Amino acid sequence: MRTLSLLVALSFLTACGPPRGSFEPQDTAETLDAADVAVAMEVDSDTVTDWRVHGGNAEEHRHSPLQKVNLDTVDRLGVAWTYDLSTTRGVEATPIVQDGVMYVTSAWSVVHALDAATGEELWVYDPDAPGETAIKACCDVVNRGVAVAGGKVYVGVIDGRLEALEAETGKLIWSTVTVDQDKPYTITGAPRIIDGKVLIGNGGAELGVRGYISAYDAQTGKLDWRFYTTPNPIKTPDNAASDDTLTTLANATWGDDGAWISDGGGGTVWDSIIHDKANDQIIFGVGNGSPWNPELRDPDGGDNLFLSSIVAVEVETGAYKWHFQTTPRDSTDYTATQTLILADLPLGEDGAARRVVMQAPKNGFFYVLDAQTGAFISGDAFVPQNWALGLDESGRPIRNPDADYTRNPAFIAPGSLGAHNWHPMAYDPHARLAYIPAQEIPALFSQDPSGTDGVKWNTGTDFSAGIPPILTPEIEAALRATLKGRLIAWDPVARQPRWSVEHQGPWNGGVLSTAGGLVFQGQLNGDFSAYDAATGDLMWQQNVKAGANAGPVTYEVDGEQYISIAAGWGTIYTLLSGYAFDEKIDPRLGQVVTFKLDGNQIIPDPDVFEIERMPMAKAFGTEAVLETGRVAYARNCMVCHGVSAISSGVLPDLRWSAITGDEAIWDMVVLDGSLSSNGMVAFDDVLSQDEAESIRAYVLAQAHAQAAADAEPIVEDGDEIPSDE
């Protein structure tokens, strides 16, 4: 059971996708009138009735002052409207609402503008990202939302473009390529608009890139400054804002050989970016190393700045101000890209207010730092963890030597999916409580004996460790019962939880808190719930008939308060774990679901389709062939098509796919890339023909095992065994 936890804890994914159009890289920035310059829409959370910025307000509290929906009225919530996002993939977007219009993204970075009161479609913009880009996406072709300011909508596109659209029409104003598109970069995060600049990062550390954050002129799309989070291979200046800091501080924390020289080192800035206006600085979170395995990445043994760090830079120039590294020499994908929240807490002398930045990153510790200096104030475990024995007085983790998988395989908590992932955290500044969408997903880590050779994902960890030849339904069910999700009300002053609610299964959704005394959160199974913010008691719940993982929002139009969430199947946990529920959830369904008091609409039932579970060919292969196939599948296919070839339904379930029945067709798809426009690119650069055929044998073995299990009903403890009569 312990080793099987790895199967759902490997947080890396290459995503296949539906056909997309082609895109020619371009820079079409044009100069606009000075009066049209975009400025930050930073608003007071105590007065705003819209949801104008990604985190609700400039300090990203995700707390709303609206209170018409409250503890006394919440049971009257009903559906106001729904909108079909027309996607088969993951939905992670936080909607932006301004002046009665909602702007929300779906998979493939498609932008939808809707009437916020009725759900009527106003316009749709599809950036037409090529399907081949999906192979670069570690965690599905998702997008977490747009920024809206100065009459423009800004969106980061999965293939690395940053684009500005007319807010009224969706017409493209300018498009800037922000990455080297020949490398496995992606953009999934939401841009931020700060003092007339568009801030954007990127992803791709699992596949081998060098991370950075960029600031572009919001009017023209021209680059203002860039801050690299890792050195370049020869440790020379980049003519970037980070030059001095890398030279004087970071370069010495990296050796002069190792995989980072060719793979960039990682450190992508793929999510949280926040404006600390009081200190005139931008604070952002930095991701994991590339590869994960530090002995392969940099055998010199340094901390590898600025991996897994919180970094502050000047707004105007991008010049370094301070940093705090949550996980020095990261080895387990413990990114520090999770929600950053600014607050004033009574932590100064004699209880005076002290401005702080807070984060609950993947590594399982809740951090409170001085926002002006980055000085460590406190750090406490918010979930069970065993990778560290604690934190020292400076906040540096005291490593548990038993969790060093570079010496021996180790069972580590949290696993690489983290104690808290991308799902937004909320903070009530009046109650002084942070609401964390936490989870418990441990993992078995082991070095990959092949290093980073022969795979497209250069983590340097053994994907196949602990995977049995056949994953039976009984083992799978028992495994899922051990994984937990939690909603934790964390007191950052008392440094402990006020209350905690345990969910069935992990990967629970983003959080919204309101002055109505409520905390809203969705679940992977579609349940969307409201809890008493003071006690955690469940006050209301409705299933939205799709995975409810994104951050919900609330806003007011013509005096009516609405609660809205963008929902959809997909995202990394769903794809990787092959998650299924007793309730049928159509993987084609992606939608926005919006509620109001006394709403009387219905959420359409998904059009569930049934797949005939029948092996496409006879089982074949010796024990040795099947073992080769097991390892090769785990290293190259599992993160897209599911553990043991068990698919969640978003992408093809290979066990029942027609291509498994014909060796020639299988080779055309797997080795030659005949479906590359769907995201299934050629794997002939990492797989031999014999390895490809061994994977086919392994997939067919899983198909025949499942067909046999389907033919024999599982008898639970206490059930009567049917007689022959």
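Cut-offs and rules
- One numbering rule holds for all chains: residues counted from 1, following each sequence as written.
- At least 70 in pLDDT is required for a residue's local features to be given in this predicted model, at least 80 for side-chain atom pairs to be given and counted, and no such filter applies to totals for whole chains, interfaces and linings, which use all residues.
- For the side-chain quantities, the full set of heavy atoms in the structure was used; hydrogens and water were omitted.
- Two strands make a pair as long as DSSP finds a minimum of two bridges between them.
- Under the scheme used here, helices are H or I runs from DSSP no shorter than 4 residues and strands are E runs no shorter than 2 residues, and both carry numbers assigned from the N terminus.
- Interaxial angles span 0 to 180 degrees and are taken between N-to-C directions of axes, which are lines fitted to C-alpha atoms, for helices over the stretch in contact.
- Think of pLDDT as the predictor's per-residue confidence, scored from 0 to 100.
- In this analysis, two residues are considered to be in contact whenever any of their non-hydrogen atoms come within 4.5 Å of each other.
- Whenever a pair of cysteine sulfur atoms sits within 2.5 Å, that pair is classed as a disulfide.
- Buried, partly exposed and exposed residues are distinguished by accessible area as a fraction of the type maximum, computed with a 1.4 Å probe on protein chains only: under 20%, between the cut-offs, and over 50%, respectively.

Let us look at the sheet that holds strand β19 (residues 309-314). What the four strands build is an open sheet, ordered β16-β17-β19-β20; its pairing is antiparallel. At either end of the open sheet lies a strand with only one pairing partner, and these are β16 (273-276) and β20 (320-325). Between one strand axis and the next, the sheet turns by 20° as a mean value, whatever way the strands run. Where β16 lies against strand β17 (residues 281-285), four bridges are found, and the strand directions are antiparallel. Residue pairing for β17: His-275 is matched across the bridge by Ile-282.

Sheet architecture is open: four strands sit in the order β21-β22-β23-β24, paired in antiparallel fashion. On the outer flanks of this sheet lie β21 (340-345) and β24 (376-381), each paired with one strand and no other. Across the sheet, the axes of successive neighbouring strands diverge by a mean angle of 25°, strand direction being ignored. The pairing of strand β22 (residues 354-359) with strand β23 (residues 365-370) spans four bridges and is antiparallel. The residue bridging Val-357 from the neighbouring strand is Leu-369, located in β23.

Moving on: the confidence of the model for the protein chain. Looking at the protein chain as a whole, its pLDDT mean stands at 88, while 89% of the residues score no less than 70. Throughout residues 714-725 the model reports pLDDT below 50, and contacts reaching past four residues in sequence, or to other chains, amount to three contacts.

What follows deals with the state of the cysteines. Counting across every chain of the model gives one disulfide. Between the sulfur atoms of Cys-138 and its disulfide mate Cys-139 the distance is 2.3 Å. When the S-S torsion is -95°, as for the bridge of Cys-138 with Cys-139, the disulfide is left-handed. With no disulfide partner, Cys-637 has as its closest neighbouring cysteine sulfur the one in Cys-640, 8.6 Å distant. Using a relative accessible area of 13% as the deciding quantity, one classes Cys-637 as buried.

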